[in-house]
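# Notes for the structure review
Given next are the chains, with one letter for each unit.
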Amino acid sequence: MAVFAFSVAPLGAGESVADSVAEAVRIVRESGLPNRTTAMFTEIEGDWDAVMPVIQRATEAVGAGGHRVSLVIKADIRPGRSGELTGKVERVEERLAAESEETGHA
């Protein structure tokens with residue numbers, strides 16, 4: 001299992017890429033895999049064989065208008081673990097809350 005973060009955008013498509021990115025995000029969400037979209041990346045969790053075709057379809061959709069496409073992928077590969085899309089963030093938040101309690105800061 002792994003968490004993949006990727007960013008895909010058409011190059012030379014003008015100032016706004018929202019329509020193209022929305023299509024890529026729609027493909028990720030329809031995959032049924034755990035995912036989250038932020039201002040800079042879309043994160044998706046699963047194994048290689050499940051995730052890579054989704055990223056490929058999202059990339060192809062962004063390039064459908066004949067645009068050159070920029071794709072950045074980062075992966076955190078952790079065999080035997082699942083639920084890390086939220087688990088990683090929860091562990092950091094727990095540590096920050098414990099630290100806040102220790103120092104008396106809210």
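Residues numbered from 1 in each chain as written. Predicted model: local features only at pLDDT ≥ 70, side-chain atom pairs only at ≥ 80, totals over all residues. Heavy atoms only, no water.

For clarity, the threshold we go by: UniProt positions are given in the numbering used here, feature names are shortened, and annotations may be inferred rather than shown by experiment.
Going by an unreviewed UniProt entry, the protein chain carries the name MTH1187 family thiamine-binding protein and comes from Cellulosimicrobium composti. You can read under Sequence similarities (unreviewed entry) in the UniProt record for the protein chain the words "Belongs to the UPF0045 family."

### Looking at the environment of Ala 24
This is how the line gets drawn: Secondary structure elements are defined from DSSP: runs of H or I of at least 4 residues count as helices, runs of E of at least 2 residues count as strands, and each element is numbered from the N terminus. The contact criterion used throughout is that any non-hydrogen atoms of two residues lie within 4.5 Å.
Relative to the elements of secondary structure, Ala 24 occurs in helix α1 (residues 18–30). Leaving out residues up to four positions away in the same chain, Ala 24 has contacts with Val 8, Ala 58 and Val 62.

### What about the pattern of salt bridges?
For clarity, the threshold we go by: A pair is scored as a salt bridge if a Lys or Arg side-chain nitrogen falls within 4 Å of a carboxyl oxygen belonging to Asp or Glu. When accessible area is computed with a 1.4 Å probe and restricted to protein chains, residues below 20% of their type maximum are described as buried, those above 50% as exposed, and intermediate ones as partly exposed.
Scanning the model with the defined rule gives seven salt bridges in all. For Glu 30, the salt bridge is made with Arg 26, and the minimal N-O distance between the two is 2.5 Å. Residue Glu 30 and its partner Arg 26 are both found in helix α1; the two are separated by four residues, about one turn of the helix. The exposure class assigned to Glu 30 is exposed, which follows from its relative accessible area of 56%. Of the residues examined, Arg 26 reaches a relative accessible area of 34% and is grouped as partly exposed.

### Comments concerning the pairing of strand β1 (residues 2–11)
Regular strands show a simple pattern: their side chains alternate between the two faces of the sheet. We apply this condition: The pairing criterion is simple: DSSP has to find at least two bridges between the two strands.
Most of β1 is tucked away, with seven of its 10 residues classed as buried. In terms of strand pairing, β1 meets strand β3 (residues 42–46) through five bridges, oriented antiparallel. Its bridge partner being in β3, Val 3 is matched across the sheet by Glu 45. Pairing geometry for β1 and strand β4 (residues 68–77), over 10 bridges, is antiparallel. In the sheet register, Ser 7 faces β4, and the bridge partner there is Val 72.

### Some thoughts on the sheet that holds β3
Put simply, the rule reads: Helix axes are fitted only over the stretch in contact, all axes being lines through C-alpha atoms; the angle between N-to-C directions runs from 0 to 180 degrees.
Pairing is antiparallel across the open sheet formed by four strands, whose spatial order is β2-β3-β1-β4. Each edge of the sheet is formed by a strand with only one pairing partner; in this case those strands are β2 (35–37) and β4. Across the sheet, the mean angle from the axis of one strand to that of its neighbour is 20°, orientation sign disregarded.

### Things to note about the packing of α1 against helix α2 (residues 48–62)
Inclusion rule: For classification, angles of less than 35 degrees are called roughly parallel, those exceeding 145 degrees roughly antiparallel, those between 65 and 115 degrees roughly perpendicular, and all remaining angles oblique. Two helices cross in a left-handed way if the nearer one is turned anticlockwise from the farther one by less than a right angle. They cross in a right-handed way if the turn is clockwise.
It is at 8 Å that the axes of α1 and α2 come closest, and there the two elements cross at 155°. Taken together, the axes of α1 and α2 lie roughly antiparallel to each other. Pair α1 / α2 crosses with right-handed handedness. Of α2, the residues touching α1 (which contributes Ser 20, Glu 23, Ala 24, Ile 27 and Val 28) are Val 54, Arg 57, Ala 58, Ala 61 and Val 62.

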